[in-house]
Every structure is written in C-alpha cells, then in structure tokens.
Amino acid sequence: MWGDESDVVDLAIEWSAKRVVRHTDPLSTARSASELAADAGPTITASGIGGAAALDVFDRVLEPATRSQDDPLNLAYIAAAPTRAAIAFDFVTSSANIFGGLWEAGAGAIYAENEAIAWLVGLLGWPEGAGGCFVSGGTSGNLSALLTARETALTRRGSRPPGGWKLACSANAHSSIQTAARALDVDILDVPVDERGHLTGPALRVELERSADVFAVVASAGTTNEGIVDDLAAIADVCEEFGVWLHVDGAYGGAGLAAPSVRHRFDGIERADSFIVDPHKWLFAPYDCCALVYRDPQLARATHSQHASYLDHVDRESWNPSELALHLSRRARGLPFWFSLATHGTDRYRDAIESSITTAQEVAEAIRASDHLQLLREVELSVVIFERPGYTDAQYSEWSHEAAVSGRMLCVPTKWNGRTVLRLAFVNPATDPRAVIEVLETLR
Ligand SMILES: *Cc1c(COP(=O)(O)O)cnc(C)c1O
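As a convention, each chain's residues are numbered from 1 in the sequence order in which they are written. Where local features are concerned, this predicted model is filtered to residues with pLDDT of at least 70; where side-chain atom pairs are given and counted, the filter is 80 or more; whole-chain, interface and lining totals use all residues. Heavy atoms from the whole structure form the basis of all side-chain values; hydrogens and water molecules are not counted.

Below, the discussion takes up the sheet that holds strand β9 (residues 383–387). In a beta sheet, neighbouring strands are held together by backbone hydrogen bonds and run either parallel or antiparallel to one another. Being paired, for any two strands, means DSSP has found at least two bridges between them. Each helix is a run of DSSP H or I of at least 4 residues and each strand a run of E of at least 2, with the numbering of both proceeding from the N terminus. Spatially, β8-β9-β11-β10 is the arrangement adopted by the four strands of the open sheet, whose pairing is antiparallel. The strands lining the two open edges of the sheet, one partner per strand, are β8 (374–375) and β10 (413–416).

Moving on, we come to the layout of surface pockets. Grid points spaced at 1 Å and placed over the protein atoms alone form the basis of the search, with a cavity being a set where a 1.4 Å probe fits but cannot get out and a pocket an open set showing protein on both sides within 12 Å along at least five of seven lines. Lining residues have an atom within 4 Å of a point. Grid points are joined across faces, edges and corners, and a volume is the space filled by probe spheres set on the points. Quantified by volume, the largest pocket comes out at close to 1,100 Å³. Lining the largest pocket are 39 residues; nearest its centre among them are Arg19, Val20, Asp70, Pro82 and Ile87. Those elements that place two or more of their residues in the lining of the largest pocket are α1 (6–21), α4 (84–96) and α13 (346–369). Looking at the lining of the largest pocket element by element, the count peaks at five residues for α4. Just so you know the grouping, Ala, Val, Leu, Ile, Met, Phe, Trp, Tyr, Cys and Pro go in nonpolar, Asp, Glu, Lys and Arg go in charged, and all remaining residues, Gly too, go in polar. In terms of residue class, the lining of the largest pocket is built from 18 nonpolar, eleven polar and ten charged. A volume near 310 Å³ is recorded for the second largest pocket. If you go around the second largest pocket, you meet 21 residues; those closest to its centre are Pro26, Thr29, Arg67, Ala404 and Leu410. Counted by class, the lining of the second largest pocket contains ten nonpolar, seven polar and four charged residues.

Time to look at the domain arrangement of the protein. Domain delimitation in this document rests on an assignment produced automatically or drawn from a domain database. If you check the domain split of the protein, you get domain 1 (21–41 + 50–65), domain 2 (90–344) and domain 3 (346–443). The gap between the C-alpha centroids of domain 1 and domain 3 is 30 Å.

The next thing to look at is the pattern of salt bridges. Each salt bridge in this description consists of a side-chain nitrogen of Lys or Arg and a carboxyl oxygen of Asp or Glu lying within 4 Å of one another. This model, assessed by the stated rule, comprises 31 salt bridges. Two residues, Glu378 and Arg265, come together in a salt bridge whose shortest N-O distance is 3.5 Å. With Glu378 in the loop between β8 and β9 and Arg265 in the loop between β5 (245–249) and β6 (274–277), this pair connects stretches of sequence that are 113 residues apart. Only protein chains enter the area calculation, which uses a 1.4 Å probe; residues under 20% of their type maximum are buried, those over 50% are exposed, and those in between are partly exposed. Under the relative-accessibility criterion, Arg265 is labelled partly exposed at 22%. Linking Glu365 and Arg368 is a salt bridge whose minimum nitrogen-to-oxygen distance equals 3.3 Å. In this pair, Glu365 and Arg368 both sit in helix α13, three residues apart, roughly one turn of the helix. Looking at Glu365, the relative accessible area reads 42%, which means it is partly exposed. For Arg368, a relative accessible area of 52% corresponds to the exposed category. Counted as one network, the salt bridges with shared partners bring together Arg196, Glu226, Arg265, Arg377, Glu378 and Glu380.

Next up, the structure:
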C-alpha cells in the first residue's frame, strides 16, 4: 500500500539527528496562519506532495515558526531544557510504537518508566508500594489525582455532601486547579496566604474547622509565578488531623526534591497522598511528560479502571498505567526521561538542578545590588521576580517585546501583588547568569 517508505524514513531520521545537536535559534517565533499558508502552500492533496516536499515545508516554514523552548535565554513562562539523550530517546520511543497503557502490551517500557518513578518516590520519602504513571502534563496529572481524592472521600463518607464537595488551596495555586475544580464540579475554598505568599497550617485549619466538605487540599511545591513552596509539614499535620487528602503540585518545582540546597523546603511532603512533577519542565525531558504518583495506587485504580466487555481480558493484577489516570491508550512518554536519567545518573541530575538554583541566586543578587532594579522577594527555588521602579505597563511590554524580537532574551511581564513586574524562570543548566545580567542593564 505505502511502498517501503525507506526514503522518507531516512530523510526524517537525518533531519532529527541534525536538529538534536544544532544550536537553538532564539529568533524562531510564531507567525500568522495566513503568512504560513502563503509560504507553505497546499500540503494536503489527493495524491500527496511526497515526503521530501513535506519535510522541506516543515524545515523551511513550519519549524522556524515555533519557539525554541531550550534556548538558554528563554526565561519566560517555564521553558524546557531536555538533554540530547532524552530527545534522541523520544525518536526511539516513537519508533517502537509501544502501547503503554497495559502491562501485557507494554511491560518492558512500563518497567523502565517505573524505575524512573521509583527514583521520585525515593526522593519523596514515600513507602514501598507507592507508584504511578506518566501523563501528558500537570493539568492532566492534577485532574487525575483530584478525581482519585474525590472518589476516595465519597467511598469513605458514603454520599456527596448536600452542598457539594470543596477543595482547599491558596490563590497562588496553578490555574489548572481551577480547571480541575470546574471539571469535577466542586467549589474552591480559597485559603488566605501568609505575607510571603505561602499556604500555612494555621490558615488551613481555620477553613477546615468551618467546612466538613473538603475532600482535598492542594499545596504547591513551587508556584509557577514565584516558585513558592507552601508550608508542607504544617499542612500535612492539619490534613492528617482532619482526614483530608493532601495533593502536592510540584509540576515545576518538584525537581527541587533532588537538590540538597533546597530539599528542606519540601519537608512534610513524605506525608502527602499524591504528587505530580513535569519532567518537561525542570527534569530535562522533552514534551510532553508529567509524573503522577500516589502513596496508595490502589485508590487510583478504584477510581480510574475502565470496565467493558472488550476489556474483560485485561490482567488487573499487573501494573497498568491506564488504571491510574484519566486515559486508556497512552504512549510510553516516560521513556525519554528514564533514558536520560539512566544515561547521566542521578548525581548529574542533582548538579543540573542545583546549577539553575545558583544561576537564579546570582541573578537575584545582581538585581539586589543594582541601583535601577528592585528584587521583590527572596528566591525559594529558581524563579526571580523583580521590577524596574518607574516603568509603566507599556514600558514593560515594549522592553519585553524588544528583547524578544532582537533574540536577546525572553522575559515577559507578570503581576505581583496587583502590580506589573518582571519574572525570570531558570530551568536550563546552559543559562549563563552573566548574559542575563547584561540584558537586564538595558532596563536602565
Ligand atoms: C506548569 C504547571 C502546571 C500545568 O502543567 P502542564 O504540564 O502545563 O499542564 C500545573 N501546576 C504548576 C505548579 C505548574 O507550574
């Protein structure tokens, strides 16, 4: 039907092998669909344009219209800095086309994914028996964990509270928690934070004393905007006392568990019920990859297992990632992370994470020492938040835009305590703090 396609295979492999070792291009950027249409021309035709022509369009027009997430000076949002080993193994994973949902179809791949998860479980200090699976991202991981929490609460209580379920978190929790609350049709109980933005035990206690309908507390281990790690030990005490599920969202900051210099900030995490971390953020894996881990995976199975006559043959005794989250078919997306970890070893992972922390601290120190910028808070992980006193919103936007289109640096404004400010998120060991400090001079 398709011929042997070997010429297309060769072209794609050759392109990929070059791309993975090429330097990033900070000037690659989004363009409008009409510009892309004009440059790409028609690609989907009755007889096909052929692999060489399609790859040529991708190489010339399409890929340059995507942002280099791994550019060392891409410091906006939270970028990604995968190792070459991880990216290369993404090709391998794709070539093997593994069904990673069920042990019987994906045993070898799932075994390796579980090795990587076991490393995370060890960092969490969780007991034997804890485990999970990889899903597409933090949004999906948070939703799957919170559905497990709600089903567990329902089983324990026997019925839905008359006024509906609530989940408790601070206003600094990630936007995906609101999305999960909408999907689950539960209310959010907004717990006030302390003066440094942390969710604390005493504030949580006040809310839990007021409402018996809370099925889960979501604590952040590295908020996206400021890198704040909530007061996990005191939160875990209160959750234990009230018998409420504790979910820790470490999508960005969970990588800090492997960094001795900040590990103390996570104390108490050993008592959480579920946890997520995105290897595609600060654990050097390519998109898309989130590790979702449960203290007691049996509760996840009771929630997520799908049953139907065509699934009667599934061996429910073995480790089936499909039964642990909101998915059935899945690629073995944890393999690139596993391969990179196996290749480089956990010591290098530790050092790479520490290097981003050091970079963030050096940049923060330069901002503190400067006479034209103001550091707005102490750096907890690797996010630096600061302002240029006197700048208007328009000046921030203009500076940010100019730095981006010139390819100097990607740094976008955010809001902090209602003010427009600037934010830098460091996850790339190749980022040179001196280069960042030099660009910040243009804020004079
Ligand atoms: C990025 C992030 C998420 C969402 O993760 P995605 O992989 O983008 O879906 C959730 N929580 C936190 C704290 C994050 O930083």
